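Residue-level listing of the chains:
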Number of protein chains: 2
Amino acid sequence: MPPEQKAGATVRPAVSPWDDIAERLHANGLRWTPQRRTLIEVLKEQQGHVTASELIASCKERDRTTTPSTVYRALDLLEELGLVRHGHGHDGREEYHVLPDQVHGHLYCVGCGTTWEIRPETGAVIVDALAAQLGFDVDLSHVTISGRCAGCHD
Amino acid sequence: MPPEQKAGATVRPAVSPWDDIAERLHANGLRWTPQRRTLIEVLKEQQGHVTASELIASCKERDRTTTPSTVYRALDLLEELGLVRHGHGHDGREEYHVLPDQVHGHLYCVGCGTTWEIRPETGAVIVDALAAQLGFDVDLSHVTISGRCAGCHD
DNA sequence: CAACGCGTTGCAACGACTCGCAATAGCCAT
DNA sequence: ATGGCTATTGCGAGTCGTTGCAACGCGTTG
Ligand SMILES: [Mn+2]
Ligand SMILES: [Mn+2]
Ligand SMILES: [Zn+2]
Ligand SMILES: [Zn+2]
């Protein structure tokens, strides 16, 4: 629509990380299928946390023939490509984040059931402590810490 | 067997935390059942981590009629009483610890699959950081942090 | 445009857990 | 010892996620 783009020779199209997926797949001998297209359309409109079940439900809205195992496998693939990240909620259920948000962990209050994102500076303390003491490189995105929030003490 | 105990009026029998379970249950209007007895016998001989499935299997060895849902419910109860604690492994599966070990979290290396316990001083850094910055009271026992160990970098 | 190879899909079966419900059985009071 | 109250059990059904396998179809080649 914007006519000013028409003339540009090497217009940088403000790429979203999703734009070159088809190529990235092909480059690895993988394929660009309708099922993967559907999932990515769904992921594009997500923000914050989504459970795998919610993603499957959204895919079903767009394509009634959606199969759970296919979505789970596609999510695994996208995670390998670094486009999504999953962790496990307090009950062990999967929760996904769409990148490229800041990588972060989660805090869950067993008192009120609220979930918060761990702020970067707090996350850094955890990452640094384990790096310094054990040489362990933490993947914060897969972390959910439970306990009681300030409002739910005692 | 030891005859020297026979005469003692108020011998303190080096109580294990399991010894007074029947009373603790009764005190709360709860019941002492064969299924709970079986589970506790199994728990007594555990050390380190056990998955719920492993516990169910062990209970079945002692009592072939063991039912999974009953074991899950008994574990919930024992956790409320503070006698066991569970967390979720990297795949979200439940892992139990028998108390009164030091409460601790876990580290999982996605490279080699090894799991370590987080040492008290390292755990303290995490607990203190979240307490200081957010007033959040961490339950370290329910934490599993994944990442890459020193031997599995790059 | 037709043929081929292999990456993917759909399905069915399974494992880990949860929940509602009716039958069972601890525990206490006569 | 008997009876009753109600906590607990066992079961069936359901959810979430994984995996093996045969059929399918994307993408390439001629
Ligand atoms: Mn995981
Ligand atoms: Mn441990
Ligand atoms: Zn709270
Ligand atoms: Zn490792």
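None of these values were measured; they are calculated from a predicted model. All residue numbers refer to position in the chain's written sequence, counted from 1. To read the labels, note that chains go from A and ligands from 1, taken in the order they are written. Only residues with pLDDT of at least 70 get local features here, since the model is predicted, and only at 80 or more are side-chain atom pairs given and counted; chain-wide, interface and lining totals rely on the full set of residues. Each side-chain value is derived from all of the structure's non-hydrogen atoms; neither hydrogens nor water enter the calculation.

Looking at the overall build of chain A
Thinking step 1. On a plain count of helices and strands, chain A comes out with five helices and seven strands.
Thinking step 2. What counts as a helix is a DSSP run of H or I of at least four residues, what counts as a strand is a run of E of at least two, and both are numbered from the N terminus. Scanning chain A from its N terminus toward the C terminus, one meets helices and strands in the order α-α-β-α-α-β-β-β-β-α-β-β.
Thinking step 3. Contact criterion: two residues are considered in contact whenever any of their non-hydrogen atoms come within 4.5 Å of each other. Sequence-distant contacts, at least 24 apart, represent 49% of the contacts inside chain A between residues at least 6 apart.

Re the coordination of the manganese ion (ligand 1)
Geometry reference: four tetrahedral donors at a metal, ideal angle 109.5 degrees. Six octahedral donors, ideal angles 90 or 180 degrees.
All names here are of chain A.
Thinking step 1. Summarising the metal site, the manganese ion (ligand 1) is bound by the protein donors His-86 (NE2), His-88 (NE2) and His-142 (NE2), whose distances to it range over 2.1 to 2.4 Å.
Thinking step 2. In the primary sequence, the donor residues of the manganese ion (ligand 1) line up as H-x1-H-x53-H. Accessibility assignment for this pair places His-86 and His-88 in one class, buried. In this analysis a donor is any N, O or S atom within 2.8 Å of a metal ion (3.2 Å for sodium, potassium and calcium), and since water is not included, sites may seem incomplete. Here the term buried applies to any residue with accessible area under 20% of the maximum for its type, exposed to any over 50%, and partly exposed to those in between, with areas from a 1.4 Å probe on protein chains only.

A few points about the interface of chain A and chain B
Thinking step 1. Counting from both sides, the interface comprises 32 residues of chain A and, opposite them, 32 residues of chain B.
Thinking step 2. Of all residues in chain A, Gln-133, Phe-136 and Ile-145 of chain A give up the largest surface area on contact with chain B, accounting jointly for 20% of the area buried on that side.
Thinking step 3. Criterion for a salt bridge: a side-chain nitrogen of Lys or Arg within 4 Å of a carboxyl oxygen of Asp or Glu. Our count for the chain A to chain B interface comes out at zero salt bridges.
Thinking step 4. Whenever two N or O atoms come within 3.5 Å, that pair is a polar contact, provided that in protein one can donate a hydrogen and the other can accept it, and provided that, for residues adjacent in sequence, both atoms are side-chain atoms. Our count for the chain A to chain B interface comes out at 14 residue pairs in polar contact (both at pLDDT 80 or more). Here the quantity called buried area is the accessible surface, traced with a 1.4 Å probe, that two parts lose on coming together, added over both.

Describing the sheet that holds strand β7 (residues 144-148) of chain A
Thinking step 1. Two strands qualify as a pair provided DSSP detects at least 2 bridges between them. Pairing is mixed across the open sheet formed by four strands, whose spatial order is β5(A)-β4(A)-β7(A)-β6(B). In the strand order of this sheet, the two ends are held by β5 (115-117) of chain A together with β6 (137-138) of chain B, each with one partner.
Thinking step 2. The sheet contact formed by β7 of chain A and β6 of chain B spans two bridges and is antiparallel. In the strand pairing of β6 of chain B, Gly-147 of chain A is matched with Val-138 of chain B.

Notes on the protein's contact with DNA strand D
Thinking step 1. With respect to spatial proximity, 20 residues lie near DNA strand D, and among them His-26, Arg-31, Tyr-72 and Glu-94 of chain A together with Arg-36 of chain B are the closest.
Thinking step 2. Nearness is defined per residue: one heavy atom within 4 Å of the molecule or strand is enough. Of all DNA strand D atoms lying within 4 Å of any protein atom, the proportion belonging to sugar or phosphate reaches 69%.
Thinking step 3. Between DNA strand D and His-26 of chain A, the relevant distance is 2.5 Å, taken from a phosphate oxygen to a side-chain nitrogen or oxygen of the residue.
Thinking step 4. Between DNA strand D and Ser-69 of chain B there is a distance of 3.2 Å, counted from a base nitrogen to a side-chain nitrogen or oxygen.
Thinking step 5. Contributing elements (two or more residues each) for the surface near DNA strand D: α3 (52-62) and α4 (68-80) of chain A together with α3 (34-44) and α5 (68-80) of chain B.
Thinking step 6. In terms of residue class, the surface near DNA strand D is built from four nonpolar, nine polar and seven charged. Each residue is assigned to one class: nonpolar for Ala, Val, Leu, Ile, Met, Phe, Trp, Tyr, Cys and Pro, charged for Asp, Glu, Lys and Arg, and polar for all the others, Gly among them.

Section: the nonpolar core
Thinking step 1. Within the largest apolar cluster, 24 residues are counted, with the highest numbers of intra-cluster contacts made by Leu-130, Phe-136 and Ile-145 of chain A together with Leu-130, Phe-136 and Ile-145 of chain B.
Thinking step 2. Mapped onto this core, the elements with two or more residues apiece are β4 (106-109) and α5 (120-134) of chain A together with β4 (106-109) and α6 (120-134) of chain B.
Thinking step 3. Residue contacts for Ile-145 of chain A: discarding those within four places in its chain leaves His-106, Leu-107, Tyr-108, Ile-118 and Ile-126 of chain A together with Ile-126, Leu-130, Phe-136, Val-138 and Val-143 of chain B.
Thinking step 4. Side-chain atoms within 4.5 Å are what join buried Ala, Val, Leu, Ile, Met, Phe, Trp, Tyr and Cys residues into a set we call a nonpolar core. Judged by nonpolar contacts, the second largest core, of 22 residues, contains Ile-21, Leu-25, Ala-74 and Tyr-96 of chain A.

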